[in-house]
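Chain residues, written in single-letter form:
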Number of protein chains: 2
Amino acid sequence: MQTPWEYRYAHRTQKMGSSVIRELLKLTEQPDIISFAGGLPAPEVFPLKEFQQACNVVLQNDGAQALQYSTTEGYRPLREMIARHTVRHSVQITADNILITSGSQQALDFIGRLFINRGDYIVVESPTYLGALQAWNAYGAQYISVRADEHGMVVDELEAALRVGPKFIYILPNFQNPSGSTLSLERRKKLVELADKYGVPIVEDDPYGQLRYEGEHIPTVMMLDSQFRDEQDGEYTGDGVYTGNVIYLSTFSKLLAPGLRLAWVIAPPEVIKKLVMAKQAADLHTSSFNQYVAYEVARGGFLDEHVKLIRATYKERRDVMLEMMDEMFPSEVRWTHPLGGMFLWGILPEGVDTADVLKIAIERKVAFVPGGAFHPNGGGKNTMRLNFSYSSPDTIREGITRLGTTLKEVLHKNGRPTWSYDR
Amino acid sequence: MQTPWEYRYAHRTQKMGSSVIRELLKLTEQPDIISFAGGLPAPEVFPLKEFQQACNVVLQNDGAQALQYSTTEGYRPLREMIARHTVRHSVQITADNILITSGSQQALDFIGRLFINRGDYIVVESPTYLGALQAWNAYGAQYISVRADEHGMVVDELEAALRVGPKFIYILPNFQNPSGSTLSLERRKKLVELADKYGVPIVEDDPYGQLRYEGEHIPTVMMLDSQFRDEQDGEYTGDGVYTGNVIYLSTFSKLLAPGLRLAWVIAPPEVIKKLVMAKQAADLHTSSFNQYVAYEVARGGFLDEHVKLIRATYKERRDVMLEMMDEMFPSEVRWTHPLGGMFLWGILPEGVDTADVLKIAIERKVAFVPGGAFHPNGGGKNTMRLNFSYSSPDTIREGITRLGTTLKEVLHKNGRPTWSYDR
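Criteria and thresholds
- Residues numbered from 1 in each chain as written.
- Chains lettered and ligands numbered in written order.
- Predicted model: local features only at pLDDT ≥ 70, side-chain atom pairs only at ≥ 80, totals over all residues.
- Helix = DSSP H or I, 4+ residues; strand = E, 2+ residues; numbered from the N terminus.
- Rg over C-alpha atoms; globule rule 2.2 N^0.38 Å.
- Buried ≥ 20, exposed ≤ 12 C-beta atoms within 10 Å, placed from the backbone.
- Contact = placed C-beta atoms within 7 Å.
- Least-squares fit on C-alpha atoms with pLDDT ≥ 70 in both.
- Pairing = 2+ DSSP bridges.
- pLDDT = per-residue confidence, 0-100.
- Domains from an automatic or database assignment.
- Nonpolar A, V, L, I, M, F, W, Y, C, P; charged D, E, K, R; others polar.
- Expected span 1.5 Å × (residues − 1).
- Arc of directions from axis to C-beta.
- Axes fitted to C-alpha atoms, helices over the stretch in contact; angles between N-to-C directions.
- Parallel < 35°, antiparallel > 145°, perpendicular 65-115°, else oblique.
- Left-handed = near helix turned anticlockwise from the far one by under 90°.
- Core = buried A, V, L, I, M, F, W, Y, C linked by C-beta atoms within 7 Å.
- Right-handed = clockwise from strand over helix to strand, strands pointing away.

## Some thoughts on the overall build of chain A
Part 1 of the argument: A count of helices and strands for chain A gives 15 helices and 14 strands.
Part 2 of the argument: Over its C-alpha trace chain A gives a radius of gyration of 22 Å, about what one expects of a compact globule, namely 22 Å for 423 residues.
Part 3 of the argument: Its C-alpha atoms put chain A at 65 × 60 × 55 Å along the principal axes.
Part 4 of the argument: Residue burial in chain A is summarised as follows: out of 423 residues, 55% are buried.
Part 5 of the argument: Contacts in chain A between residues at least 24 apart in sequence constitute 74% of all its contacts with a sequence separation of at least 6.

## A short note on the relation of the copies chain A and chain B
Part 1 of the argument: Turning chain A through 180° and shifting it by 0.0 Å along the axis lays it on chain B, with an RMSD of 0.0 Å. The relationship between the two copies is best expressed as a two-fold rotation axis. Every residue of chain A has its C-alpha some distance from the rotation axis, and the shortest such distance is that of Cys55(A), at 3.4 Å.
Part 2 of the argument: Most of the interface of chain A is mirrored in chain B, where 100% of its interface residues again form contacts.

## Here's the deal with the pairing of strand 11 (residues 343-347) of chain A
All names here are of chain A.
Part 1 of the argument: A large share of strand 11 lies buried, amounting to four of its five residues.
Part 2 of the argument: Of the strand pairs in this sheet, strand 10 (residues 334-335) and strand 11 are connected by two bridges, and their pairing is antiparallel. By the bridge assignment, Trp-335 is partnered in strand 11 with Gly-346.
Part 3 of the argument: Bridge analysis of strand 11 against strand 14 (residues 383-387) gives five bridges, and the strand direction is antiparallel. What sits directly across from Gly-346, in strand 14, is Met-384.

## Quick notes on the confidence of the model for chain A
Part 1 of the argument: Averaged over every residue, the pLDDT of chain A is 93; residues scoring 70 or more account for 93%.
Part 2 of the argument: If you check the scores for this complex, the pTM reads 0.95 and the ipTM reads 0.94.

## Describing the domain arrangement of chain A
Residue and element names in this part refer to chain A.
Part 1 of the argument: In terms of domain boundaries, chain A breaks down into domain 1 (6-46 + 304-422) and domain 2 (48-302).
Part 2 of the argument: Here the C-alpha centre of domain 2 lies 26 Å away from the C-alpha centre of domain 1.
Part 3 of the argument: With nine residues, helix 12 (residues 302-328) is the single largest residue contributor to the side of domain 1 that touches domain 2.
Part 4 of the argument: The class makeup of the residues in the side of domain 1 that touches domain 2 is 15 nonpolar, eleven polar and eight charged.

## Observations concerning helix 5 (residues 103-115) of chain A
Part 1 of the argument: Over its 13 residues, helix 5 of chain A extends 19 Å from the first C-alpha to the last, a length consistent with the 18 Å expected when each residue adds 1.5 Å.
Part 2 of the argument: With 13 of its 13 residues buried, helix 5 of chain A lies for the most part within the structure.

## Digging into helix 14 (residues 393-411) of chain B
All names here are of chain B.
Part 1 of the argument: Helix length check: helix 14 (19 residues) gives 26 Å between terminal C-alpha atoms against 27 Å at 1.5 Å per residue, within 8%.
Part 2 of the argument: Taken residue by residue, helix 14 has Ile-396, Gly-399, Ile-400, Leu-403, Thr-406, Leu-407 and Leu-411 as its buried positions. Viewed along the axis of helix 14, the buried residues span an arc of 120°, placing them on a single side of the element.

## Details of the interface of chain A and chain B
Part 1 of the argument: Listed as interface residues are 69 residues of chain A and, on the opposing side, 69 residues of chain B.
Part 2 of the argument: Top contributing element to the side of chain A that touches chain B by residue count: helix 3 (residues 48-66) of chain A, with nine residues.
Part 3 of the argument: Here the side of chain A that touches chain B is built from residues that sort into 35 nonpolar, 25 polar and nine charged.

## As for the sheet that holds strand 14 (residues 383-387) of chain B
All names here are of chain B.
Part 1 of the argument: Here we have four strands laid out as an open sheet, ordered 10-11-14-13, and antiparallel in their pairing. The open sheet has two edge strands, strand 10 (334-335) and strand 13 (369-370), and neither has a second partner.
Part 2 of the argument: In this sheet, strand 14 lies alongside strand 13 in antiparallel orientation, the contact comprising two bridges. Opposite Pro-370, over in strand 14, you have Met-384 as the bridge partner.

## Quick word on unusual backbone geometry
Residues and elements named next belong to chain B.
Part 1 of the argument: Cis geometry marks the peptide bond from Ser-126 to Pro-127, where omega comes out at 10°.
Part 2 of the argument: Phi angles above zero are rare outside glycine, and Arg-261 is one such case at about 55°.
Part 3 of the argument: Inspection of the secondary structure puts Arg-261 in the loop between strand 8 (246-251) and strand 9 (263-266).
Part 4 of the argument: For Arg-261, a count of 29 C-beta atoms within 10 Å corresponds to the buried category.
Part 5 of the argument: Of note, the phi angle at Leu-284 is positive, near 65°, even though the residue is not glycine.
Part 6 of the argument: Note on placement: Leu-284 falls in the loop between helix 10 (269-283) and helix 11 (288-298).
Part 7 of the argument: Judged by C-beta crowding, with 23 C-beta atoms within 10 Å, Leu-284 ranks as buried.

## Details of the environment of Ile100(A)
All names here are of chain A.
Part 1 of the argument: If you trace the backbone, Ile-100 turns up in strand 2 (residues 98-101).
Part 2 of the argument: A residue is classified by how many C-beta atoms lie within 10 Å of it, and Ile-100, with 29 of them, is buried.
Part 3 of the argument: A C-alpha to C-alpha distance of 40 Å links Ile-100 and Glu-398, two positions 298 residues apart in sequence.
Part 4 of the argument: Once residues within four sequence positions are removed from consideration, Ile-100 is found in contact with Gly-74, Tyr-75, Leu-78, Arg-79, Leu-262, Trp-264, Thr-286 and Gln-291.

## Description of the packing of helix 13 (residues 354-363) of chain B against helix 14 of chain B
Two quantities define a packed helix pair, namely the angle between the helix axes and the distance between the axes.
Residues and elements named next belong to chain B.
Part 1 of the argument: Interhelical geometry of helix 13 versus helix 14 gives an angle of 130° and a closest axis separation of 9 Å. It follows from the interaxial angle that helix 13 and helix 14 lie oblique. For the pair helix 13 and helix 14, the sense of crossing is right-handed. For the pair helix 13 and helix 14, the contacting residues are Val-357, Ile-360 and Ala-361 in the first and Leu-403, Thr-406, Leu-407, Glu-409 and Val-410 in the second.
Part 2 of the argument: For the contact of helix 13 with helix 14, a count of residues per class yields six nonpolar, one polar and one charged.

## Some words on the nonpolar core
Part 1 of the argument: Ranked by internal contacts, the top residues of the largest apolar core, which has 254 residues, are Val265(A), Ala294(A), Val265(B) and Ala294(B).
Part 2 of the argument: When near neighbours in sequence (up to four residues on either side) are disregarded, Val265(B) contacts Ile98(B), Leu99(B), Thr101(B), Ala107(B), Ile247(B), Leu249(B) and Leu275(B).

## Details of the environment of Asp205(B)
Part 1 of the argument: Assignment of secondary structure puts Asp205(B) in strand 7 (residues 202-205).
Part 2 of the argument: C-alpha separation for the pair Asp205(B) and Thr220(B), spaced 15 residues apart in sequence, amounts to 10.0 Å.

## With respect to the sheet that holds strand 2 of chain A
In a beta sheet, neighbouring strands pair by backbone hydrogen bonds and run either parallel or antiparallel.
All names here are of chain A.
Part 1 of the argument: The eight strands lie next to each other as 2-9-8-7-6-3-4-5, forming an open sheet whose pairing is mixed. Looking at strand neighbours, the two that pair on one side only are strand 2 and strand 5 (152-153), the edges of this open sheet.
Part 2 of the argument: With four bridges joining them, strand 7 (residues 202-205) and strand 8 (residues 246-251) adopt parallel strand pairing. Of the residues in strand 8, the one forming a bridge with Glu-204 is Tyr-248.
Part 3 of the argument: Here helix 4 (residues 76-89) sits on the sheet in contact with strand 2 and strand 9 (263-266), set at roughly 120° to strand 2.
Part 4 of the argument: On top of the sheet, helix 5 reaches strand 2, strand 6 (168-171), strand 7, strand 8 and strand 9; it is set at about 155° to strand 8, its chief contact.

## Observations concerning the pairing of strand 4 (residues 142-149) of chain B
Residue and element names in this part refer to chain B.
Part 1 of the argument: Two elements, strand 3 (residues 121-126) and strand 4, share six bridges in a ladder whose sense is parallel. Paired with Tyr-121 across the bridge in strand 4 is Gln-142.
Part 2 of the argument: In the classification by handedness, the crossover that spans strand 3, the intervening helix 6 (residues 130-137) and the parallel strand 4 is right-handed.
Part 3 of the argument: Summarising the sheet, strand 4 and strand 5 (residues 152-153) pair through two bridges and their orientation is antiparallel. Paired with Asp-149 across the strands is Gly-152, a residue of strand 5.

## Considering the environment of Pro207(A)
Residue and element names in this part refer to chain A.
Part 1 of the argument: If you trace the backbone, Pro-207 turns up in the loop between strand 7 and helix 9 (221-232).
Part 2 of the argument: Classification of Pro-207 as buried rests on a count of 26 C-beta atoms within 10 Å.
Part 3 of the argument: Along the chain, Pro-207 and Phe-175 lie 32 residues apart, while their C-alpha atoms are 9.1 Å from each other.
Part 4 of the argument: With sequence-adjacent residues up to four places away left out, Pro-207 is seen in contact with Ser-104, Ser-250, Thr-251, Ser-253 and Lys-254.

Take a look at the structure:
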């Protein structure tokens, strides 16, 4: 049906693309497909009983406020709780440094709205988070990709990118989506130093920071920036004052439940003020009810306990996936050993296109995300993202078996490795 | 504190303004001020018990899905329920014509994102809804204001505006925010006819449609457009097929609770597809939990019953406000008699600036919104918006008494009317 809207789209609408991941999520609805394509938390770890109790408490004690319009900044007790947690583990901030957003995706969108003029350069890792690319494509961003390996962004290659004059650097330091890699302490320090040298600020996206399954916690880039400034000032006081160079994003989606759409931004107060204006125009405020409920669930230290269950559950699933890959995958395939998070990254021989592999995999009733989409400037066609948080260990065993069969079929056509001969 | 973000704002950020209404809302936090400035529903009509029951049912039966990521389009049973309701009362649509948004504000933002290029003209009533202006200012919209009176947009003056070549017409036909006026049936028909003549589509924003306290329901512009097309086709079948010329917005904020942030858009399927892409980039999806809970509360005809309570409550408050204004306001002040909704519109003599009046009113511990901000191209400085839904009848009596005193003070300085002599 032709409507008068047809010829009235704005120029930015032409560039909208549907997310590969979102489209693939539709596959997960077919019950016979084992999908490692999504990025879903395990529903088994949702604290249903605590939610139910919290809903009852909130509606009994604060029903009228929880269901009413509220301030754009977010529910103050929730912001104060996040501030306290941040002060304890990272830098000195207050609730005035915090805006509650409807998921981190909204924070990414607002950062685009506030900072990206058409044609502006943003430094990203390659591969990087697809949702950020989607958000910023709408504002006409261009990307400078810096190569990443199993220790995150190869910071030695960052300086050339900074000399181009980018608006900011976007980095996911912990158990990155999609690659599962973690930026080493040394590289974080170097990143902070280079960012300071060129005066380029940083957006640190940290949805998985608390989901570490082995090794020691590495300080946030936000915290290292504070220490660096302290050292520069000549007198190291170690008081961890927030410098404002790093805008930090995190979320309740992985700690509580993504269905609430609750995340937060830490930024300098003057940036928070602008973010608040953007949010007023975009959706007035995030659901007050969900903010009350999340606060009620989380207060009193529940999250610190609950995250242990999440870690144990996901660690087991990661380990099962790694073991099965060892057993089932052909020797030409390599993969990352993520120290936390929800994703593994598979690397096939150069010349193999995982988008082609996916088509066969779906026939074998297993799915993943081809890695190409995560590389804003091309490349990575031979890579794939596998999620290990959502499926049960038994499902992972079966799924990786199917995927191993698929990969052998693709790589060893006619019983011998074909990829290196035929292409 | 100076941060490297300071010099990095995008051009659109310079034009962001904080909403007058949102800033004024902060006044309502002072307990001794009676505020008619907000646009809040009465918390007394929130169905707390039903919410509590719904939360329990949802978490018991569908907890894992309700707390998980979900599709961008929205929870299908909720969309199907809205479609059924629309088919019964307006036009033939299906769930594929519906996107769930995080409040109507988000729908307005997405419409701007999809359709507004910098400099595009949008036809609006003057006064019009401030939230729409806020949303579309971010995309560089310009406005053609068409005068409105107590029967809504003066449609006789619309044709000149349409000849400028606007992107679309934005109209709030029922109990408009801010003026409380309702577009007459005759004017609606003329609007549809003129829009068709010039091929300009319509955005119909209808948050209050069900909150009518007197008179007969008037068909939506969306429905009249369908009838008009039917008549044009020569054979009037009266089947009410949705033409796609009108994008229609409505919300659960006034029927259930604004704290849920749940609204919907009705649009042609191809526009819905683009809206879905915009939403993917903006916040992935609206809280699945809230969609499940709203569906659970609303299903089985609860809303049809519940809206009667809301109507009775607001009608009483409107009547008390009108009576008190009759009694307390000086004779130079005129006001609308809204047939529904949440707002009254006061008109002071030309030359009086209600922004000045507000300053005095706040000293007298009463607040309203000065009307100037609702006029995108200036004018209306002598007008004011009063909300009657939020305050109890007794509070309304006291507040209007205070406001009457303030107005007499302003208009009758030295015991005689001053506005017509001194200015």
